[in-house]
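# Summary of structural features
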Amino acid sequence: MSERPERWTQATVYPDMWADPADDPRNSEGPAPDGEAATLEDCLTNYRHTLRMKCEGLDAEQLARRSVPPSTMSLLGLVRHLAEVERDWHNWIRADEPLPKLYGPRDADFDGALADPALVEAAWRDLEREQAALDAELAAHLDLGERLGKQRLSVRELQVHRIEEYARHCGHADLLRECVDGRVGQ
């Protein structure tokens, strides 16, 4: 990409934000959630919304664009990667045989993120399915200290790790999106 896009924001109330408060699904006018489990879930949900927001309004070519060469990272690659890691996390706590990789060997999630609308749709379906599967599994384990799987990972540790992964990749998404079309905001 030889030409730099001009920086811009859609927000009008707070120009350093991604969207105006009334349009931001992460914005809650009510009280914060009560309890540790609800707080962790709320934080994870907000990062999931952030990833979606950073990808909204882009076509397949823009989502697949590798904005910082020689990196293979793209917004579409991040969506695929997070679907893959949701499945990996589910495998960590499964008692039976692990589910196979979604996209193949290491880095296939990023390497296979091509500018194809069908791949974009499939990536979002994969992510939603893997999120729902792990969320459903964890809903049966209300004790955050309960240890699951062969590694005896606590539910708390898994939830914090999920938040950490989404937070890190939402930071990448900020930079990738700015490189794609110049849109900024936290």
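Everything in this summary refers to the structure shown in the same document. Not measured: the values here are computed from a predicted model.

Enumeration according to the criterion identifies zero disulfides in this entry. Looking at the unpaired Cys55, the closest cysteine sulfur is the one in Cys170, lying at 8.9 Å.

A few words now on the nonpolar core. Counting residues in each nonpolar core, the largest one holds 38 residues, and the members touching the most others are Leu51, Leu75 and Leu127. Counting residues per element, the ones that place at least two in this core are helix H1 (36–55), helix H2 (60–64), helix H3 (75–93), helix H4 (108–111), helix H5 (117–139) and helix H6 (155–181). For this core, the element with the highest residue contribution is H3, accounting for nine residues. For Leu51, the contacting residues outside a window of four places in its chain are Val79, Leu82, Leu127, Cys170 and Ala173.

For the rest of this paragraph, the subject is the packing of aromatic side chains. Aromatic rings in a pair are described by how distant their centres are and how their planes are angled relative to each other. Scanning all chains against the criterion turns up zero aromatic pairs. Its guanidinium or amino end placed over the ring of Tyr103, Arg80 lies 3.9 Å from that ring's centre, counting from NZ or CZ. Arg183 extends its terminal NZ or CZ atom over the ring of Trp18, reaching a point 3.8 Å from the ring centre.

Cut-off values and rules
Residues numbered from 1 in each chain as written. Predicted model: local features only at pLDDT ≥ 70, side-chain atom pairs only at ≥ 80, totals over all residues. Heavy atoms only, no water. Disulfide = S-S within 2.5 Å. Core = buried A, V, L, I, M, F, W, Y, C linked by side-chain atoms within 4.5 Å. Buried < 20%, exposed > 50% of the residue type's maximum accessible area, 1.4 Å probe, protein only. Helix = DSSP H or I, 4+ residues; strand = E, 2+ residues; numbered from the N terminus. Contact = heavy atoms within 4.5 Å. Phe/Tyr/Trp six-rings, centres within 6.5 Å; stacked < 30°, edge-to-face > 60°. Lys NZ or Arg CZ within 6 Å of the ring centre and 35° of its normal.

In short, shape yes, function no, at least from these values alone.
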